[in-house]
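So you can see what is in the structure, the chains are spelled out below.
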2 protein chains.
Amino acid sequence: MIESTRNPRVVRAVRLHRARNRRETGDTLLEGPNVVDAALSAGLVPELVFTLDRDELANRAAQAGSEVVVVSDSVMNKLAGTENPRGPVAIAAVPESGPVAPVDTIVLCGISDPGNAGTLIRSAAAFSFQVVATPDTVDLWSPKVLRAAVGAHFATGIVTGSSPEAVAAVGIGLVALVPVEDGSDEPEESARPIGLMVGNESHGLSPRLLAAASATLTVPTSGAVESLNAAVAGSIAMFAIAQGRG
Amino acid sequence: MIESTRNPRVVRAVRLHRARNRRETGDTLLEGPNVVDAALSAGLVPELVFTLDRDELANRAAQAGSEVVVVSDSVMNKLAGTENPRGPVAIAAVPESGPVAPVDTIVLCGISDPGNAGTLIRSAAAFSFQVVATPDTVDLWSPKVLRAAVGAHFATGIVTGSSPEAVAAVGIGLVALVPVEDGSDEPEESARPIGLMVGNESHGLSPRLLAAASATLTVPTSGAVESLNAAVAGSIAMFAIAQGRG
């Protein structure tokens, strides 16, 4: 059992909470039973799994080929980004982004809050949307985003470092999600896949991105508040589009 | 200008980040320009406003009757629950809960995450829903919940420490939001107000609460993930009910 937070493998894992270290190594941290379970079920085998007990999930990881090490409570507290973590925490290689597929897509254009990004990935998987992110969006494979998505990363396609142009290039129609109707065209009912662009929480979509869209979409509200939370607005729009497909 | 974090008024404000001190004093903290602006616009006058500059919002607060004090960056960092706060931070009395009104209502039954609670209040205001919370729900007037709702507390009715029974007692029909369809009755289209019950993020609605509902509602998903985020599910359900009303 590892009981020292200075153990080199523990140090290596803790460093992955920093974006720079994830970029340099290509690795990330999977935290909690839901995320680790979803990764294993999708065939992604973590390199190293830290666990408090040799439980069923730890055994599944070991059978799949992960190295499993039992750690003390204090080491688990150091490894995890949450309070009172029950584990496991796993080091895994970030899957490579595949090409953009010609299916309904949510395009994250500068989403900065990890909770919002994770929630949108969870909703995207629930409504059968692919997720594409621009380079100025928060790292979708950060431990915080993975936690917020509760395993949904492994249930839908995720393409990072991409652009609305790359989405349009495979025949997806770009639609801008905007908080207030601006009188431009609503998306037509069509069999063509939709690329729903969601902008930054504070600044929304830039004029350049708005100009790239062939239609805009607004979630109708009472007007009592200025806007909805970005993850809620994006999720409602995906729900509505999925209902229209249904 | 206050430059010491040991100033008694600063100490008094910082203590309000703790639930126990809010309960004992009946006060809370309003953080950020959106929340303070929304409070003032709704006629709620903070007792004390800490600000970095004597700006337009600070002047509005002073005219409304707030005491306004300018503080240094280090004091503002101590006062606020966020990094790099731009202020203001204000001490205000928590408004007293009024009675439950006979209108469409979201009933928060054990929501524990402040971000989810705040997001649901924001969506409730956007879709013209009253918010009722049970005693085991996170404190809706905590600074974190106020921040996540971005001022929506002052744009809809909020009743804390209440119950589904109190909601049903004014003629609102209770509907349980559940992640998976269980074959029970869907709510009928009716002019009667709906009381949408949303359960705890991990445990959902208790059997007792499920039994109190006359219908259940499920957000249809692809099944690729077990469930949606609680704030997203509640928001989509309010959106769908509001669309049906429209």
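Note that this is a predicted model, so its numbers are computed, not measured.

**Student:** Now, about the relation of the copies chain B and chain A: what can you tell me, with residues and values included?
**Tutor:** For these two chains of identical sequence, chain B goes onto chain A by a turn of 180° and a shift of 0.0 Å along the axis, with RMSD 0.0 Å. Seen this way, the second copy is the image of the first under a two-fold rotation axis. Looking at chain B, 100% of its interface residues are interface residues in chain A too, so the copies touch through the same face.

**Student:** Can you explain empty space enclosed by the protein? Please cite residues and give values.
**Tutor:** Over the atoms rolls a probe the size of a water molecule, and its path tells where empty space is left. Residues and elements named next belong to chain A. Inspection of the entire model under this criterion finds one cavity of 30 Å³ or more. Its volume calculated, the largest cavity comes out at about 30 Å³. Taken together, Val36, Val49, Thr51, Asp55, Leu57, Ala58, Ala61 and Pro88 form the lining of the largest cavity. Within the residue set of the lining of the largest cavity, elements represented by two or more residues are strand 2 (48-51) and helix 4 (56-64). Here the lining of the largest cavity takes three residues from helix 4, the largest share from any one element. For the lining of the largest cavity, the class distribution of residues is six nonpolar, one polar and one charged.

**Student:** How would you explain the pairing of strand 5 (residues 105-109) of chain B if you had to name every residue and give the values?
**Tutor:** All names here are of chain B. With five of its five residues buried, strand 5 lies for the most part within the structure. Side chains Thr105, Val107 and Cys109 project from strand 5 onto one buried face, and the interleaved Ile106 and Leu108 project onto a second face that is buried too. Bridging between strand 5 and strand 6 (residues 130-133) involves four bridges; their strand directions are parallel. When the bridges of strand 6 are listed, Ile106 appears paired with Val131. Tracing the backbone out of strand 5, into helix 6 (residues 114-126) and back to the parallel element strand 6 gives a crossover that is right-handed. Bridging between strand 5 and strand 9 (residues 194-199) involves five bridges; their strand directions are parallel. Bridged to Val107 within strand 9 is Met197.

**Student:** Outline the layout of surface pockets, supporting the account with residue identities and numerical values.
**Tutor:** Estimated volume of the second largest pocket: approximately 460 Å³. Glu189, Leu217, Ala240, Ile241 and Gly244 of chain B are the residues nearest the centre of the second largest pocket, which is lined by 20 residues in total. Elements that contribute at least two residues to the lining of the second largest pocket include exactly helix 10 (230-245) of chain A together with helix 10 (230-245) of chain B. Of all the elements, helix 10 of chain B adds the most residues to the lining of the second largest pocket, at eight residues. Looking at the lining of the second largest pocket residue by residue, the class counts come to eleven nonpolar, five polar and four charged.

**Student:** Outline the interface of chain B and chain A, supporting the account with residue identities and numerical values.
**Tutor:** Put simply, an interface is often sized by how much accessible area is lost when its parts join up. At the junction of the two partners, chain B supplies 24 residues and chain A supplies 24 residues. For the pairing of chain B and chain A, the buried interface totals around 2,000 Å² over both sides, and the portion due to carbon and sulfur atoms is 68%. Between the two partners, chain B and chain A, sit eight residue pairs in polar contact (both at pLDDT 80 or more). Of all elements in the fold, only helix 6 and helix 10 of chain B reach the threshold of two or more residues within the side of chain B that touches chain A. By residue number, the principal contributor to the side of chain B that touches chain A is helix 10 of chain B, which donates six residues. Across the side of chain B that touches chain A, the residue classes break down as 14 nonpolar, nine polar and one charged.

Calculation criteria
Residues numbered from 1 in each chain as written. Chains lettered and ligands numbered in written order. Predicted model: local features only at pLDDT ≥ 70, side-chain atom pairs only at ≥ 80, totals over all residues. Heavy atoms only, no water. Least-squares fit on C-alpha atoms with pLDDT ≥ 70 in both. Contact = heavy atoms within 4.5 Å. 1 Å grid on protein atoms, 1.4 Å probe; cavity = no way out; pocket = protein on both sides within 12 Å on 5 of 7 lines; lining within 4 Å. Points joined across faces, edges and corners; volume = space filled by probe spheres on them. Helix = DSSP H or I, 4+ residues; strand = E, 2+ residues; numbered from the N terminus. Nonpolar A, V, L, I, M, F, W, Y, C, P; charged D, E, K, R; others polar. Buried < 20%, exposed > 50% of the residue type's maximum accessible area, 1.4 Å probe, protein only. Pairing = 2+ DSSP bridges. Right-handed = clockwise from strand over helix to strand, strands pointing away. Buried area = accessible area lost by both parts, 1.4 Å probe. Polar contact = N/O pair within 3.5 Å; in protein donor to acceptor, adjacent residues only side chain to side chain.

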